[in-house]
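# Commentary on secondary and tertiary structure
This is what each chain is made of:
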Amino acid sequence: KITKRQKMKPFVKYVNYNHIMPTRYTVPAELQPATLVTDQQMDSADGRVEAKKYIKKLMEEKFLQPPPDKSGKPSKDVIYLRKKL
């Protein structure tokens, strides 16, 4: 049941930065979201599929082994997403 909740479905698309609304969920700065997918990958369907697989692997790795915060504990937002509501 936990593995079912931890599944991710990534997507890639062009976004107008003027229309992005801030949320409490953000991509960590060390991932550099602008460099995850190149324009050449967005031009072809195979490139987009390849980019989605790469992003899924990267995000699952970050989620399953969360980076510690300043106190050395896992990040509180990742713990919140894992606990049963």
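Higher on the page you've got the structure.
The following refers to the structure shown. Per-chain numbering applies: the sequence of each chain, read as written, is numbered from 1 onward. Thresholds applied to this predicted model are a pLDDT of at least 70 for local features of residues and 80 or more for the giving and counting of side-chain atom pairs; totals over whole chains, interfaces and linings are not thresholded and use all residues. Side-chain measures were taken over the full set of non-hydrogen atoms in the model, leaving aside hydrogen atoms and water.

### Considering the overall build of the chain
The helix count covers DSSP runs of H or I at least four residues long, the strand count covers runs of E at least two residues long, and both are numbered beginning at the N terminus. Counting its secondary structure elements, the chain contains four helices and zero strands. Along the chain, from the amino end to the carboxyl end, the secondary structure elements read α-α-α-α. Type-normalised accessible area, obtained with a 1.4 Å probe on protein chains alone, sets the label of each residue: buried when under 20%, exposed when over 50%, and partly exposed for intermediate values. Out of the 85 residues in the chain, the part that is buried amounts to 16%. Contact definition: two residues touch when any of their heavy atoms are within 4.5 Å. Pairs at least 24 apart in sequence give 54% of the contacts found in the chain among residues at least 6 apart. With an accessible surface of roughly 7800 Å², the chain has 58% of that area assigned to carbon and sulfur atoms. Computed with a 1.4 Å probe, the accessible areas rest on the Shrake-Rupley method; for each residue, only the protein chains presented here act as cover.

### Re the side chain of Q41
With respect to the helices and strands, the residue Q41 is situated in helix α2 (residues 39-43). Residue Q41 is classed as buried on the basis of its relative accessible area, which comes to 18%. With residues near it in sequence (within four places) discarded, Q41 still touches L36, G47, R48, E50 and A51.

### Some words on the nonpolar core
The nonpolar side chains of a soluble globular protein tend to be buried, and buried together. Take the buried residues of types Ala, Val, Leu, Ile, Met, Phe, Trp, Tyr and Cys, join any two whose side-chain atoms come within 4.5 Å, and each joined set is a nonpolar core. Grouped together as the largest cluster of nonpolar side chains are eight residues: V12, L31, L36, V37, M42, A51, I55 and L58. The dominant element in this core, judged by the number of residues it contributes, is helix α3 (residues 45-64), at three residues. Leaving out residues up to four positions away in the same chain, L36 has contacts with L31, Q41, Y54, I55 and L58.

### Some remarks on a nonpolar patch on the surface
Patch rule: a residue counts if its relative accessible area is over 30% and it has no salt bridge; like charges are joined within 9 Å, and nonpolar side chains (Val, Leu, Ile, Met, Phe, Trp, Tyr) within 5 Å. When a carboxyl oxygen of Asp or Glu is within 4 Å of a side-chain nitrogen of Lys or Arg, the pair counts as a salt bridge. A cluster of nonpolar side chains, V15, Y17 and I20, forms an exposed patch at the surface whose accessible area comes to about 340 Å². Within the secondary structure layout, Y17 lies in the loop between α1 (2-5) and α2.

### Overview of the environment of D39
Along the chain, D39 falls in helix α2. On a C-alpha basis, the gap between D39 and Y14 in space is 9.7 Å, while along the polypeptide they are 25 residues apart. Within the local environment of D39, its side chain forms a polar contact with the side chain of Y14, the two groups lying 3.4 Å apart. N or O atoms closer than or at 3.5 Å make up a polar contact, with two conditions inside protein: a donor-capable atom paired with an acceptor-capable one, and, for residues adjacent in sequence, both atoms drawn from side chains.

### Let's talk about the environment of I55
Position of I55 among the secondary structure elements: in helix α3. For I55, a relative accessible area of 12% gives the class buried. Separated by 47 residues in the primary sequence, I55 and M8 place their C-alpha atoms 10.0 Å from one another. Residues in contact with I55, not counting those within four places in the same chain, are P10, V12, L36 and V37.

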